[in-house]
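A closer look at the structure
The residues making up each chain are set out below.
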Amino acid sequence: RGQGPLQRVGTNGSNGKKSQLSSAALKQMQQQQQKLQQQMAKQVQAHETEKLALGEKVAKLEKQLEAATAQLEQRQVITQPLLKEYQQAILNARGQVTTLKSELKKHQGRLMTAQEELRAMAQRCDAMDGQLKREKDRSSKAESKVQA
């Protein structure tokens, strides 16, 4: 019976002899094995090439990451003092606002006191004005009586 490239010679199982491969079939198997080894070698080479390319990409990305980290640290070194300076300026400004609000309240209190004093003076002036009018009226009545 023929089974593709492997052809057995003397396949008489009854006599107990072992089967042997023909030399053509053996050559064909060796050629197939060589082809497989070549394909495997090509695949290994392709994987090695891809591994190298990926290694280069990783190295490049690591360098970019290091550069970005250095830039970030540099910016942080620059911005940290500025941030602290701005925070201090904000605190100072808040303190000034609080002080100014306090002074404003004091001035508002003084203003209200001054307004009350002005009202009291105006009332006294009005009272004095009324008294002055009454005295003028009396003196003019007294003069008219004296003349009459």
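Residues numbered from 1 in each chain as written. Predicted model: local features only at pLDDT ≥ 70, side-chain atom pairs only at ≥ 80, totals over all residues. Heavy atoms only, no water.

**Details of the overall build of the chain**
Our working rule: The numbering of helices and of strands both runs from the N terminus, where a helix is a DSSP run of H or I of at least 4 residues and a strand a run of E of at least 2. A simple rule labels every residue: compare its accessible area, found with a 1.4 Å probe on the protein chains alone, to the largest value its type can have, and call it buried under 20%, exposed over 50%, or partly exposed in between.
A count of helical and extended segments in the chain gives one helix and three strands. Secondary structure elements of the chain occur, N-terminal to C-terminal, as β-β-β-α. The buried share of the chain, reckoned over its 148 residues, is 1%.

**As for the environment of T69**
Filter applied, for reference: We define a polar contact as two N or O atoms separated by no more than 3.5 Å, with the added condition that, inside protein, one atom must be a possible hydrogen donor and the other a possible acceptor, whereas residues neighbouring each other in sequence contribute only through side-chain atom pairs.
Relative to the elements of secondary structure, T69 occurs in helix α1 (residues 23-147). There is a polar contact of 2.7 Å between the side chain of T69 and the backbone oxygen of L65.

**So, α1**
Think of an α-helix as turning once every 3.6 residues; residues three or four places apart then point the same way. The condition that has to hold: One fewer than the residue count of a helix, multiplied by 1.5 Å, yields its expected span. In this analysis the local bend is the angle between axes fitted, respectively, to the seven residues ending at and the seven residues starting at the residue.
With 125 residues, α1 extends 175 Å from end C-alpha to end C-alpha; this agrees with the ideal 186 Å at 1.5 Å per step. Roughly 25° is the biggest bend found in α1, and it falls at T79, with proline P81 one to four residues downstream.

**A short note on a nonpolar patch on the surface**
Keep this limit in mind: Two distance rules govern patches: like charges are joined within 9 Å, and nonpolar side chains (Val, Leu, Ile, Met, Phe, Trp, Tyr) within 5 Å, applied only to residues with over 30% relative accessible area and no salt bridge. Shrake-Rupley sampling with a 1.4 Å probe provides the accessible areas, and residues are treated as covered by the protein chains on show and by no other component. By convention in these notes, a salt bridge is any Lys or Arg side-chain nitrogen within 4 Å of a carboxyl oxygen on Asp or Glu.
Where nonpolar side chains cluster on the molecular surface, the patch consists of I78, L82 and Y86 and spans about 310 Å² of accessible area. With respect to the element layout, Y86 can be found in helix α1. For Y86, a relative accessible area of 51% translates into the label exposed.

**Comments concerning the environment of S140**
Position of S140 relative to the elements: it lies in helix α1. Among the polar contacts made by the side chain of S140, one reaches the main-chain carbonyl oxygen of D137 at a distance of 3.2 Å.

That is the geometry; function is a separate question.
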